[in-house]
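Summary of structural features
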Amino acid sequence: ATLGGPSIAIGPRVSPDGHLVAFAAMVDDLTQVAVMKPETGNWTVLTHSRAGTVDGMCWSADGSRIYFDRGLDTTPNIYTVPVLGGDERLLLAGGGNPEMLADGSLVVTRTNQDRQPQLYRFWPDTGRLQPLPAMLASVALAGSVRPFPDGKEVAFYGRPLAGGEAHLYALDLA
């Protein structure tokens, strides 16, 4: 069934309770975070910054906010915006492609000191950032990290930090 909405909608993500869909909507030649109620087709744009393009996004575990990255020909930064309205807020400079884990932490991509795309675990409430022993095969594949439902592992295409060939891996976060 057609849901309607904007003429361009990218990267849809269903809310934890299944009642909303978040996506990047093209608004005035830039993507912005938007949400839609599928049963009505009504949609709302949540962000309005002109400071770059919205790319990766995910829902918070409780569905109250959306984490997303925004960049403009530079390294992206991770922001958050409340679903019920409010201003977007910078959470992590130099991070991208947030993926929510069951405990409320995020797996994000950052460029490490060797200028390679590495996975990190980030706790939005405290700002704690932990490097993970995983490298993505390329920056272009940064959005290809997905957590398992229990939040204890993530699947990604890349290689271990220690080296090796690029393959599909499951990384134990413990």
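Residues numbered from 1 in each chain as written. Predicted model: local features only at pLDDT ≥ 70, side-chain atom pairs only at ≥ 80, totals over all residues. Heavy atoms only, no water.

**Some details on the pairing of strand β11 (residues 117–123)**
To be explicit about the condition: When accessible area is computed with a 1.4 Å probe and restricted to protein chains, residues below 20% of their type maximum are described as buried, those above 50% as exposed, and intermediate ones as partly exposed. Put simply, DSSP marks the helices as runs of H or I at least four residues long and the strands as runs of E at least two long, and each gets a number from the N terminus on. By this definition, two strands are paired if DSSP reports at least two bridges between them.
Burial analysis of β11 places 7 of its 7 residues in the buried class, the great majority of the element. Burial along β11 is two-sided: the face carrying Pro 117, Leu 119, Arg 121 and Trp 123 and the face carrying Gln 118, Tyr 120 and Phe 122 are both buried. Relative to β11, strand β10 (residues 106–111) runs antiparallel, the two being bridged by 6 bridges. Bridge assignment links Thr 111 to a residue of β11, and that residue is Pro 117. Linking two consecutive strands that pair antiparallel, namely β10 and β11, is a turn of 5 residues; a positive phi of about 65 degrees is found at Arg 115 within it. Two strands pair when backbone bridges link them, and β11 and strand β12 (residues 128–136) are joined in this way by 5 bridges, in the antiparallel orientation. Residue pairing in the sheet places Phe 122 in a bridge with Leu 129 of β12.

**Some points on the pairing of strand β1 (residues 9–14)**
Examined bridge by bridge, β1 and strand β2 (residues 21–27) share 4 bridges and lie antiparallel to one another. Residue Val 14 lies in a different strand from β2, and its bridge partner there is Val 21. Hairpin remark: β1 followed by β2, antiparallel, with 6 residues in the connecting loop; positive phi at Gly 18, about 80 degrees.

**A short note on the sheet that holds strand β7 (residues 77–82)**
This is how the line gets drawn: Helix axes are fitted only over the stretch in contact, all axes being lines through C-alpha atoms; the angle between N-to-C directions runs from 0 to 180 degrees.
Reading across the sheet, the 4 strands line up as β5-β6-β7-β8 and stay open at both edges, with antiparallel pairing between neighbours. Both outer strands of the open sheet, β5 (53–59) and β8 (89–92), are each paired with one neighbouring strand and no more. Averaged over all pairs of adjacent strands, the angle between their axes in this sheet comes to 35 degrees, without regard to strand direction. Where strand β6 (residues 65–71) meets β7, 6 bridges bridge the pair, whose relative direction is antiparallel. Its bridge partner being in β7, Phe 68 is matched across the sheet by Tyr 79.

**Topic: the side chain of Ser 15**
For clarity, the cut-off: The term polar contact refers here to a pair of N or O atoms within 3.5 Å; inside protein, the definition further demands a hydrogen-donor-capable atom paired with an acceptor-capable atom, and it admits residues adjacent in sequence only when both atoms are side-chain atoms.
Structurally, Ser 15 is set in the loop between β1 and β2. Classification of Ser 15 as buried rests on a relative accessible area of 6%. A distance of 2.7 Å separates the side chain of Ser 15 from the side chain of Asp 17, its partner in a polar contact. Only 3.2 Å separates the side chain of Ser 15 from the backbone nitrogen of His 19, close enough to count as a polar contact.

**What about the sheet that holds β1?**
Pairing is antiparallel across the open sheet formed by 4 strands, whose spatial order is β1-β2-β3-β4. With partners counted over all chains shown, the strands left at the sheet margins are β1 and β4 (43–45), one partner each. Within the sheet, the average angular offset between the axes of one strand and its neighbour, ignoring direction, is 30 degrees. Pairing of strand β3 (residues 30–36) with β4 involves 3 bridges; the strand directions are antiparallel. Of the residues in β4, the one forming a bridge with Met 36 is Trp 43.

**Let's talk about the environment of Met 57**
Note the following rule: Throughout, a contact is declared for two residues whenever any of their heavy atoms are within 4.5 Å.
Relative to the elements of secondary structure, Met 57 occurs in strand β5. Spatially, the C-alpha atom of Met 57 lies 7.9 Å from that of Gly 11, the residues being 46 residues apart in sequence. Setting aside residues no more than four positions away along its own chain, Met 57 makes contact with Arg 13, Ala 22, Phe 23, Ala 24, Val 33, Ile 66, Tyr 67, Phe 68 and Pro 98.

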